[in-house]
Each structure stands twice: as C-alpha cells, then as structure tokens.
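# Tertiary structure, described
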Amino acid sequence: KENAPETEPVQQKTPASGMTLDTLFAKVSACSNCLLSRNRQKSVFGEGVAYPTVLVVGDSPEENDNLTGRIFSGGSGALLDKMLGSINLSRTANCYVANLVKCSTSMGRFPMNDEIASCSGFLQAQIHILKPKYILAMGRTVAQALLKTGEGMGTLHGKWFDYNGIPLMPTYHPDEL
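Basis of the calculations
- Residues numbered from 1 in each chain as written.
- Predicted model: local features only at pLDDT ≥ 70, side-chain atom pairs only at ≥ 80, totals over all residues.
- Heavy atoms only, no water.
- Helix = DSSP H or I, 4+ residues; strand = E, 2+ residues; numbered from the N terminus.
- Rg over C-alpha atoms; globule rule 2.2 N^0.38 Å.
- Buried < 20%, exposed > 50% of the residue type's maximum accessible area, 1.4 Å probe, protein only.
- Areas by Shrake-Rupley, 256 points an atom, 1.4 Å probe, with all protein chains shown as cover.
- Expected span 1.5 Å × (residues − 1).
- Bend = angle between axes of the 7 residues up to and from the residue.
- Polar contact = N/O pair within 3.5 Å; in protein donor to acceptor, adjacent residues only side chain to side chain.
- Contact = heavy atoms within 4.5 Å.
- pLDDT = per-residue confidence, 0-100.
- Core = buried A, V, L, I, M, F, W, Y, C linked by side-chain atoms within 4.5 Å.
- Disulfide = S-S within 2.5 Å.
- Pairing = 2+ DSSP bridges.
- Axes fitted to C-alpha atoms, helices over the stretch in contact; angles between N-to-C directions.

## Quick word on the overall build of the protein chain
- Helix and strand content of the protein chain: 6 helices and 6 strands.
- Written out in order from the N terminus, the α and β elements of the protein chain read α-β-β-α-α-β-α-β-α-α-β-β.
- Computed over C-alpha atoms, the radius of gyration of the protein chain comes to 16 Å, within 12% of the 16 Å expected from 2.2 N^0.38 for 177 residues, which places it in the range of a compact globule.
- Relative to its full complement of 177 residues, the protein chain shows a buried share of 45%.
- Surface exposure of the protein chain reaches about 9600 Å², of which carbon and sulfur atoms provide 54%.

Below, the structure written as structure tokens:
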C-alpha cells in the first residue's frame, strides 16, 4: 500500500529472559571474559534468519571476519555457502551461522578450552533465542565441545546426536575440505 508505515523488524525474545539477538550482540561486543577480546576489531556474532531450520556452528572467526564483522566472510564462507546450497540451505533463507567463540584467535589456531568456556553462554543464548530445528557442527573442535567428547571426526562425522533435544550432526569444516 502506498504511504503505509514500514513495519519494525521482529525482535526475537525469549519468554524467560527477555533477551533478544540485539541485546545479546551488545553483550558480546562488550565482552572481555578472555584474552581474545584484546585483539577484537569487530564482534563476529553470527548471521542468518530467525528460527532457522539449521544452525551452522563454526569454531572461531577468521582474520577477515575480525575485520569485517561478518561470519564466514572469506574463502571458507564461499565454500560453506556452496555446501549449504547443495542441500537447499542458505544463510539468507533457512539457516543461521554462529561460532563457538566470537573473537578471532591468533593466526587461525583452534580456540582453547578456556576460550570456548568463556563464550559458551553466548552460543547457548543464541540457540535458546533461535530455536533451530537442527544443528550442524562444523569441524572437530565444535563437535567435541558441543557433544562433550574426545572422539575424533572419523567417528563423529555424518552421525546424528542429540543436543538438548535438538538433532546435531558433525561434519568437516570448510577449511578442512
């Protein structure tokens, strides 16, 4: 309709906490729970659709992500988008992409257990707000952290697991492919 007022963007709230993705992003941006925050250029919170079919979880932002503030913004992101597209998924249509830790690690190393623990509440809050139908754990570090196991990807890859009532499947990280 002409001259109709624009609608406000939907703010996802959890009934218990009143937390939205916007308020959670503000908390992430101000976080100094671990040393990774010292090198943070921009918070790499995540992106995608509300109430996604699939929540894709990576391990940590890459250096390019740290500069742009966009998750999976480099070559591995292009490969991730192709991987998702091959099974009719997209971060703009039915997925949300997030990381275990929200700040880039130095020189592309995997996040350490204390860094993962420092950020785990943020990912848990994202999962609670987003309510995904499925979780895709990208890489060994993510699968081991979410499933609380020491098993390697050879054992975990391609199998379904339960993560607090949400089906979770570990697969290889685009960087590993």
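Now that the structure has been shown, we can carry on.
## Topic: helix H4 (residues 113-130)
- If you check H4, its first and last C-alpha atoms are 24 Å apart, about what 18 residues at 1.5 Å a residue would give, namely 26 Å.
- The largest bend in H4 amounts to roughly 45° and is located at Cys119.
- Among the residues of H4, those classed as buried are Glu115, Ile116, Cys119, Phe122, Leu123, Ala125, Gln126, Ile127, Ile129 and Leu130.
- Just past H4, the residue Lys131 takes up positive phi, approximately 50°.

## Examining the side chain of His173
- Note on placement: His173 falls in the segment after strand E6 (166-171).
- With relative accessibility at 6%, the residue His173 sits in the buried group.
- In this structure the side chain of His173 is engaged in a polar contact, spanning 3.0 Å, whose partner is the backbone nitrogen of Asp175.
- Beyond its immediate sequence surroundings of up to four residues, His173 is in contact with Asp59, Phe72, Ser76, Met138 and Gly139.

## Some thoughts on the confidence of the model for the protein chain
- Across the protein chain, the average pLDDT comes to 87, with 90% of residues at or above 70.
- Across residues 1-16 the pLDDT falls below 50, and counting only partners more than four positions away or on other chains, this stretch makes 15 contacts in the model.

## Let's talk about the side chain of Thr171
- Residue placement: Thr171 occurs in strand E6.
- Note on Thr171: relative accessible area 15%, which makes it buried.
- Within the structure, the side chain of Thr171 is placed 3.4 Å from the side chain of His157, a separation counted as a polar contact.
- Discounting residues that sit within four places of it in the chain, Thr171 has contacts with Leu136, Ala137, Met138, Gly139, Met153 and His157.

## Examining the nonpolar core
- Core analysis: the largest hydrophobic core is formed by 34 residues, its most contacted members being Leu55, Ile135 and Leu146.
- Contributions of two or more residues to this core are made by helix H1 (21-30), strand E2 (54-58), strand E3 (95-99), H4, strand E4 (134-138), helix H5 (140-147), helix H6 (153-156) and E6.
- Among the elements that take part in this core, H4 stands out by supplying 8 residues, more than any other.
- Leave out the neighbours within four places in its chain, and Leu146 touches Leu100, Leu123, Ile135, Tyr163 and Leu168.
- Residues Val56, Leu89, Cys95 and Val97 belong to the second largest nonpolar core, which totals 12 residues.

## With respect to the state of the cysteines
- Going through the model one piece at a time under the given rule, you end up with 0 disulfides.
- Summary of cysteine pairing: Cys31 is not part of a disulfide, and the nearest cysteine sulfur, belonging to Cys119, is at 5.7 Å.

## Things to note about the sheet that holds E6
- Spatial ordering of the open sheet is given by E1-E3-E2-E4-E6-E5, a layout of 6 strands whose pairing is mixed. If you trace the sheet from one side to the other, it starts and ends with strand E1 (47-48) and strand E5 (161-163), each paired once.
- Where E1 lies against E3, 2 bridges are found, and the strand directions are antiparallel. Of the residues in E3, the one forming a bridge with Glu47 is Val97.
- Lying on the sheet, helix H3 (residues 75-85) is in contact with E2, E3 and E4; it crosses E4 at an angle near 140°.
- Strands E2, E3, E4, E5 and E6 of the sheet are contacted by H4, whose axis makes an angle of about 170° with E3.

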